[in-house]
Amino acid sequence: MKKVLFDLIALQDVDMKVRGLKTRLGMIPKERKKFEQALEDAESAIKDKRNKLKAIELNINKTESEIAKFDDSVRKLQSNSALVKKNNEYQAMLLEIEHNKEKISNLETELLEMMDQADAMKKSLSTEERQGAARIKSIKDELDELVTLEREIKEQGRALLAKSKEFTAHVRPELLERYQHLLKGEGQPLVKLKGEICGNCNFKITPQTRNNCLSGNIVNCDNCSHMLYHDPNSSE
């Protein structure tokens, strides 16, 4: 294999690795956003249950205060009933006592229901906190790995770019210009000739182009313009 071809293949090998690293690096922001959203969801699920439990407990405290208020009213009415001399006033007071007791009964029923809700919410919160903690740790680990991966890719990229510059210095200017133009597109700029077929576009090349390539020259495909070379050690 001629040195000019060897140098170009070496350059392309490095540049393809750089391209791969750039592609992988470009995927990281999207992955990071996905993990950050998952982290936010996991933390929100716990926060939501805590807020619901807090709301139930506030309602429990409010209801207990209302029950205490009506209990105090009943005691005062019962205490004052002995001082009432008129029958109609006495009956009105008894009616108010019964009305307050009914309110107390209803509130106590509501209180029991809220206490049951609070117990269920505490169990649910405990489960969510336990499972959520595991999810949050896993997500944070993934985010840390992304940070490490991003740093490693950038380090590898810098090392490969240095190699690319080194190999570039050994490639003839006219070949380098063709190569770098093709490098901006898709696929590999330099590909093997497979019999009569271009290794990039898989179209058949002209006999003249093929003969020129078989003579050891780097040629351009008649169809896609990618650079073609013949590998004498290949069975193709």
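Everything below is about the structure printed above this text.
Residues numbered from 1 in each chain as written. Predicted model: local features only at pLDDT ≥ 70, side-chain atom pairs only at ≥ 80, totals over all residues. Heavy atoms only, no water.

## Quick notes on the nonpolar core
Test applied: Nonpolar cores were defined as sets of buried Ala, Val, Leu, Ile, Met, Phe, Trp, Tyr and Cys residues, with membership established by side-chain atoms within 4.5 Å. Exposed residues in this analysis have more than 50% of their type's maximum accessible area, buried residues have under 20%, and partly exposed residues fall in between, with area computed by a 1.4 Å probe over protein chains only. A run of H or I in DSSP counts as a helix once it spans at least four residues, and a run of E counts as a strand once it spans at least two, with each numbered from the N terminus. In what follows, residue pairs with any heavy atoms lying within 4.5 Å of each other are defined as contacts.
The biggest cluster of nonpolar side chains holds 30 residues, and the ones touching the most others in it are Ile56 and Ile60. Elements with a minimum of two residues in this core: helix H1 (3-81) and helix H2 (87-168). When sequence neighbours within four positions are dropped, the list of residues in contact with Ile60 reads Leu111, Met114, Met115 and Ala118. Ranked by size, the runner-up nonpolar core spans twelve residues in total, among them Leu11, Leu175, Leu190 and Tyr229.

## As for the sheet that holds strand S4 (residues 227-229)
What links the strands of a sheet is backbone hydrogen bonding, and the strands pair in either a parallel or an antiparallel sense. So the rule is basically this: Any two strands between which DSSP finds at least two bridges are classified as paired. Angular values range over 0 to 180 degrees, each being the angle between N-to-C directions of two axes fitted as lines to C-alpha atoms, with helices fitted over their stretch in contact.
Across the sheet, which stays open at both edges, the four strands sit in the order S2-S1-S4-S3 with mixed pairing between neighbours. Single-partner strands in this sheet number two, and they are strand S2 (197-198) and strand S3 (219-220). Sitting on the sheet, H1 is in contact with strand S1 (190-194) and S4, with an inclination near 120° to S1.

## With respect to the packing of aromatic side chains
To keep it simple, the criterion reads: In summary, the pairing rule links any two rings of Phe, Tyr or Trp, Trp by its six-membered ring, whose centres are within 6.5 Å, and it sorts them by plane angle into stacked for under 30 degrees, edge-to-face for over 60 and tilted for everything else. Counted as over-ring charges are cases with an Arg CZ or a Lys NZ within 6 Å of the ring centre that also lie within 35 degrees of the ring normal.
Tallied over the full model, the rule gives zero aromatic pairs. Geometry around Phe35 places Lys34 over its ring, the cationic atom sitting 4.8 Å from the centre. The ring centre of Phe70 lies 5.1 Å from the NZ or CZ of Lys69, which sits over that ring.

Geometric values such as these leave the question of function open.
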